[in-house]
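Coordinates in review
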Amino acid sequence: MKKILFVDHAAVLSGAELVLLDLAIAHAQDSQVLLFEEGPLRQRLQATGVKVVVQQASEQVLGVRAGTGVGAVKAIPALMAMARQILEMGRGFEVIHANSQKAFLAAAIARFWGGPPVIWHLHDILTARHFSRTNRRIAVFLGNAFASRVLVNSQATGAAFVAAGGRESLVKLVYNGVPLHRFEGLEGQAAAIRAELGVGNAPLVGVFSRLSYWKGQHVLLEAMRQVPEVQAIVVGEALFGETEYAERLRAIANQPELAGRVHWLGFRNDIPALMSACDLVLHTSTEPEPFGRVIIEGQLAGRPVIATAAGGAIELIEDGVTGRLVPPEDAAALAQVMGELLKQPDLAQKIANQGKMSAQTHFSLEGMLKAFDQALILD
Ligand code: UDP
Ligand code: GLC
């Protein structure tokens with residue numbers, strides 16, 4: 001196995017960091033992880049025996065949001081410091097795996113200074129909606145000049161990189177995969193969770209994404225007005241400073257039509273069991289989702305999934321076969337499809353079964369690790 005230095009600027013548990021966790025565990029024997037902040041990812045890595053080093057980066061770089069334009073210039077000295085740390089620690093590793101955009105920018109500079117080859121694992125769709133022009137230009141320029149490969153989590157992510165000027169020959173598709181065993185033996189847990197929530201026999205739906213406007217939890221709340229019998233669990237918290245949005249959601253949920261119907265569960269580590277307690281698993285992103293782990297997780301939990309028809313989600317769901325797709329930010333369409341599936345349990349079960357088979361076939365951890373190892377062979 002290759003000696004890999006995995007680098008990520010973040011240590012929160014969002015989808016990209018959960019991918020890193022699985023990759024680093026599989027490569028723990030010969031590899032290490034470098035993080036630029038303290039956080040739960042460090043504990044999770046260490047608990048499984050992965051060697052981790054944390055070099056706290058300054059807020060000047062950690063605080064820069066993807067949409068920031070030329071203002072990000074202030075972050076350059078801090079980025080250089082990160083690059084020096086990667087260069088230093090990178091000695092003795094065959095390859096640097098940069099799992100976040102900030103980690104990649106620093107790793108590219110380290111490569112320029114003579115560091116090991118860099119693999120950029122791109123988890124984001126590089127479009128104007130998410131990234132400022134300056135940000136995209138710099139990332140794509142450095143990608144073309146210094147990345148030996150750009151791993152993308154979906155065809156949609158790859159296409160956006162190329163559309164932004166990225167070299168197509170660098171791109172390798174590595175779909176996310178999750179450990180299938182986490183989704184086995186859930187049968188007994190659903191009833192206990194429902195009892196704990198006190199939802200009785202009410203139809204229960206769930207969203208499992210971090211709280212952020214583009215994850216679209218507000219679309220679910222809006223749709224619930226049109227399906228009055230439904231209750232919902234909202235699982236996840238604001239991971240990247242979106243506390244204002246989280247407060248807005250709570251205010252909406254306190255309105256009379258919704259009061260008592262929305263259960264706020266915060267960040268949880270028992271996603272498979274929570275999903276199994278739901279009649280429907282929903283994905284409500286208002287923007288193209290780069291991949292959408294929650295979609296394949298809902299399928300693996302054996303629940304019918306309704307997702308937004310954009311980005312990577314289209315690669316995970318065939319509408320009407322392995323799940324249902326609705327247009328982004330269309331609460332009326334979401335309400336209608338929720339109603340349809342809740343009224344037709346046989347159809348919902350059929351879609352759920354087909355979705356589960358599809359996810360087991362295409363999105364297992366083994367599949368991801370195999371694709372990852374192949375993508376690391378640099379010729
Ligand atoms: N997740 C979790 N606990 C929560 C909410 C979400 O562990 O309370 C996990 C979820 O199971 C999924 C990941 O966070 O594996 C989110 O990944 P996804 O690709 O759906 O979205 P991202 O946050 O990466 O954009
Ligand atoms: C990012 C994307 C998400 C994807 C995850 C793992 O966080 O937003 O869609 O599933 O990375 O690749």
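So, a few notes on the structure that sits alongside this text. Note that the structure is predicted; figures quoted are calculated from it, not measured.

1. Describing the layout of surface pockets
What the second largest pocket holds in volume is close to 180 Å³. Lining the second largest pocket are 13 residues, with L186, E187, A301, G302 and K356 positioned closest to its centre. When residues in the lining of the second largest pocket are grouped by element, the largest group, 4 residues, is from helix α15 (residues 345–362). Classifying every residue of the lining of the second largest pocket gives 6 nonpolar, 4 polar and 3 charged.

2. Considerations on the packing of helix α9 (residues 217–224) against helix α10 (residues 243–253)
Where α9 meets α10, the axes come as close as 10 Å, and the angle between the chain directions of the two elements is 5 degrees. Overall, the two elements α9 and α10 adopt an arrangement that is roughly parallel. On α10, the residues touching Q217, H218 and L221 of α9 are Y245, L249, I252 and A253. Residues of the contact of α9 with α10, tallied by class, amount to 5 nonpolar, 2 polar and no charged.

3. Brief notes about the sheet that holds strand β6 (residues 147–152)
Within a sheet, each strand pairs with its neighbour through backbone hydrogen bonds, oriented either parallel or antiparallel. Read from one edge to the other, the open sheet built from 7 strands follows the order β3-β2-β1-β4-β5-β6-β7, with strand pairing classed as parallel. Two strands close off the open sheet at either side, each with one partner strand: β3 (51–54) and β7 (171–173). Each adjacent strand pair in this sheet contributes to an overall mean axis angle of 25 degrees, direction not counted. Pairing of β6 with β7 involves 3 bridges; the strand directions are parallel. Paired with V150 across the strands is V171, a residue of β7. Packing of helix α4 (residues 76–90) onto the sheet brings it into contact with β1 (4–8), β2 (32–35), β3 and β4 (95–98), and relative to β2 it is tilted by some 165 degrees. Lying over the sheet, helix α5 (residues 101–112) contacts β1, β4, β5 (118–122) and β6, oriented at roughly 165 degrees with respect to β5.

4. As for the pattern of salt bridges
Per the counting criterion, the structure on display carries 10 salt bridges. Where E289 meets K215, a salt bridge forms, and the shortest distance between an N and an O atom there is 2.9 Å. Residue E289 is found in the loop between β11 (280–282) and α12 (293–300), and its partner K215 is found in the loop between β8 (204–207) and α9; the two are separated by 74 residues along the sequence. As far as the burial class goes, E289 and K215 line up, both buried. Among the ionic pairs, E222 bridges to R225, the shortest N-O distance being 3.5 Å. For E222, a relative accessible area of 36% gives the class partly exposed. In this structure, a network of salt bridges that share partners links the residues E222, R225 and E257.

5. So, empty space enclosed by the protein
Over the atoms a probe the size of a water molecule is rolled, and this reveals where empty space is left. Using the criterion set out here, one finds 2 cavities of 30 Å³ or more in the structure. Of the pockets and cavities examined, the largest cavity occupies roughly 40 Å³. Around the largest cavity sit V219, H283, T284, T308, V326, P327, P328, E329, D330 and L334, which together line it. Each residue belonging to the lining of the largest cavity can be placed in one class, and the counts come to 5 nonpolar, 3 polar and 2 charged. There is about 30 Å³ of room inside the second largest cavity. Taken together, L180, F183, E184, L300, K356 and Q360 make up the lining of the second largest cavity. Class assignment for the residues of the lining of the second largest cavity results in 3 nonpolar, 1 polar and 2 charged.

6. Section: the environment of A10
With respect to the helices and strands, A10 occurs in the loop between β1 and α1 (15–26). Distance from A10 to M357, taken between C-alpha atoms, is 33 Å for residues 347 residues apart in sequence. Beyond its immediate sequence surroundings of up to four residues, A10 is in contact with E17, L35, E37 and L41.

7. Some words on the nonpolar core
In this structure, V7, V61, I86, F104, W120 and V150 are the most contacted members of the largest nonpolar core, which totals 39 residues. Mapped onto this core, the elements with two or more residues apiece are β1, α3 (59–62), α4, β4, α5, β5, α6 (133–146) and β6. In terms of residue count, the dominant contributor to this core is α5 (8 residues). Those residues in contact with V61 that sit more than four places away from it in its chain are A75, A78, L79, M82 and K102. Counting 33 residues, the second-largest nonpolar core is a separate cluster that includes L265, I271, L300 and I317.

About the cut-offs
Residues numbered from 1 in each chain as written. Chains lettered and ligands numbered in written order. Predicted model: local features only at pLDDT ≥ 70, side-chain atom pairs only at ≥ 80, totals over all residues. Heavy atoms only, no water. 1 Å grid on protein atoms, 1.4 Å probe; cavity = no way out; pocket = protein on both sides within 12 Å on 5 of 7 lines; lining within 4 Å. Points joined across faces, edges and corners; volume = space filled by probe spheres on them. Helix = DSSP H or I, 4+ residues; strand = E, 2+ residues; numbered from the N terminus. Nonpolar A, V, L, I, M, F, W, Y, C, P; charged D, E, K, R; others polar. Axes fitted to C-alpha atoms, helices over the stretch in contact; angles between N-to-C directions. Parallel < 35°, antiparallel > 145°, perpendicular 65-115°, else oblique. Contact = heavy atoms within 4.5 Å. Pairing = 2+ DSSP bridges. Salt bridge = Lys/Arg side-chain N within 4 Å of Asp/Glu carboxyl O. Buried < 20%, exposed > 50% of the residue type's maximum accessible area, 1.4 Å probe, protein only. Core = buried A, V, L, I, M, F, W, Y, C linked by side-chain atoms within 4.5 Å.

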